[in-house]
Amino acid sequence: MNEETREQLQQILRALKALDQSVRHAIRADATAGAGAMILRSYSSLQARAAERLPDDFFVCETLRLEPEADIDEQQLVAQVSLACSQLTGYLESLLRARRRTQVDIDLEDIDIGEVSRNLRDTLVTQTRDTIRRAMSDIGIDLETSGSSGRRRRVVIVDADADGDGGDESLAGSDLSGRDLGNENFAGRDLRGARLSGANLHDAVLAGADLRGARLSGAVLRGADLGEAQLASADLTGADVGDANLADADLVEARLKGVNLAGALLTDATLTGSDLSGARLSGADLRAADLSGADLSGASLHRANLREVNLVDANLQSADIRRASFRGADLSGATLPDGQRYQDPADLEQFGAAGGPRSAPLPPR
């Protein structure tokens, strides 16, 4: 899988997440009447685009292609689309996550995409029961009287309290400390000031969530989707956020002391003034992130991608920057691992950095 295909799949993934969220909201609000055909078209278009980019992947091209019967009930059609959308989203996330981990050490062109896809497919199939349970958790089955004949028919209705988490209800300030919330969907939810210390949020979906001022110290967020999440002033001290997606996330003045961000995706993230002292960022992708004024003292940036990063006035004292790439980065006023001020690219080379700010420019992304 080359970089262009990876970026195209990420675009499709973002669209799938938006569609999945819209469908779930429509189900909760019982607003699916007349929308079934449009929802199916939207999903089918995204599935077809994914299939074009993964032509050898049977799971994407065949298994997740929807061809509902002509006389299917509209509510049932929407439920099918919701399930398929969740499966395709999870599969693409796993595929891209696997690619992100391997690109640190080996050339992606050397990877057998067929073998990786089969392994991911096998893993996903074993989790089908859990996937179906999560996809159907907001839907209840009931019998209602319909029409003048008084006949009873089977319909899908919304059970807003099925999971007991209140649907779109605000969770701001709530105490969820130590709770097992792995794989849960909190996309776009209001979690401002929420207490989540020690909570298990492994593979949870928090894309676009508002977590400003939230307490996440010691929480497990491995593989979680925090893309475009608002985490300004949040406390993630000692949290495990390895391999998570934090692209475009707002982490201004966040407390990230000792946090594990190894292998995490932090492209275009804003970490201005954040405390990353002692943090693990080995193999993390921080392209075009803003780390101006950030405290990275004692942090591990081994093999991290810091291309085009803003490190103005950042503190890198005692940091491990071996084989880290700084191409196009701005280190004006930054403090180097030996406590000296940055002057020129040669300053980085003495600490084993792979590429300095004045290296050849990158090809357009």
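Residues numbered from 1 in each chain as written. Predicted model: local features only at pLDDT ≥ 70, side-chain atom pairs only at ≥ 80, totals over all residues. Heavy atoms only, no water.

All right, on to the overall build of the chain then. From N to C terminus, the chain includes seven helices and two strands. Start at the N end of the chain and walk to the C end: the helices and strands fall as α-α-α-α-α-α-β-β-α. When the 365 residues of the chain are sorted by exposure, 47% land in the buried category. Contacts in the chain between residues far apart in sequence, at least 24 positions, make up 27% of those at least 6 positions apart. Accessible surface computed for the chain: about 17000 Å², of which carbon and sulfur atoms make up 44%. (Helix = DSSP H or I, 4+ residues; strand = E, 2+ residues; numbered from the N terminus. Buried < 20%, exposed > 50% of the residue type's maximum accessible area, 1.4 Å probe, protein only. Contact = heavy atoms within 4.5 Å. Areas by Shrake-Rupley, 256 points an atom, 1.4 Å probe, with all protein chains shown as cover.)

Helix length check: helix α1 (residues 3-28), at 26 residues, gives a terminal C-alpha distance of 38 Å against a target of 38 Å (1.5 Å per residue), a fit within 8%. Here α1 starts with a cap whose side-chain oxygen sits 3.3 Å from the backbone nitrogen of E4, and that cap is N2. Looking one or two residues beyond α1, the residue adopting positive phi is D30, at roughly 55°. (Expected span 1.5 Å × (residues − 1). Polar contact = N/O pair within 3.5 Å; in protein donor to acceptor, adjacent residues only side chain to side chain.)

Counting residues in hydrophobic clusters, the biggest one holds 66 residues, and the most contacted among them are L246 and L286. The residues touching L286, leaving out its near neighbours within four places in the chain, are L266, T267, L271, L281, L291, L301, A304, N305, L306, R307 and V309. Counting residues in each nonpolar core, the second largest holds 30 residues, with L9, L19, A50 and C61 among its members. (Core = buried A, V, L, I, M, F, W, Y, C linked by side-chain atoms within 4.5 Å.)

Another aspect to go through is the confidence of the model for the chain. With 77% of its residues at a pLDDT of at least 70, the chain reaches an overall mean of 80. Mean pLDDT across the elements of the chain bottoms out in strand β2 (residues 152-158) (33) and peaks in helix α2 (residues 36-53) (89). In the predicted structure, residues 359-365 sits below a pLDDT of 50 and forms nine contacts with residues beyond four places in sequence or in another chain. (pLDDT = per-residue confidence, 0-100.)

A word on the environment of R303. Along the polypeptide, R303 turns up in the loop between β2 and α7 (346-349). You can call R303 partly exposed: its relative accessible area is 28%. Between the alpha carbons of R303 and R322 there is a distance of 6.4 Å; along the sequence they are 19 residues apart.

Attention now goes to the environment of A219. Examined against the element boundaries, A219 turns out to sit in the loop between β2 and α7. Under the relative-accessibility criterion, A219 is labelled buried at 0%. Once the C-alpha coordinates of A219 and L196 are considered, the two residues, 23 residues apart in sequence, prove to be 6.8 Å apart. Residue contacts for A219: discarding those within four places in its chain leaves L196, G198, A199, A239 and D240.

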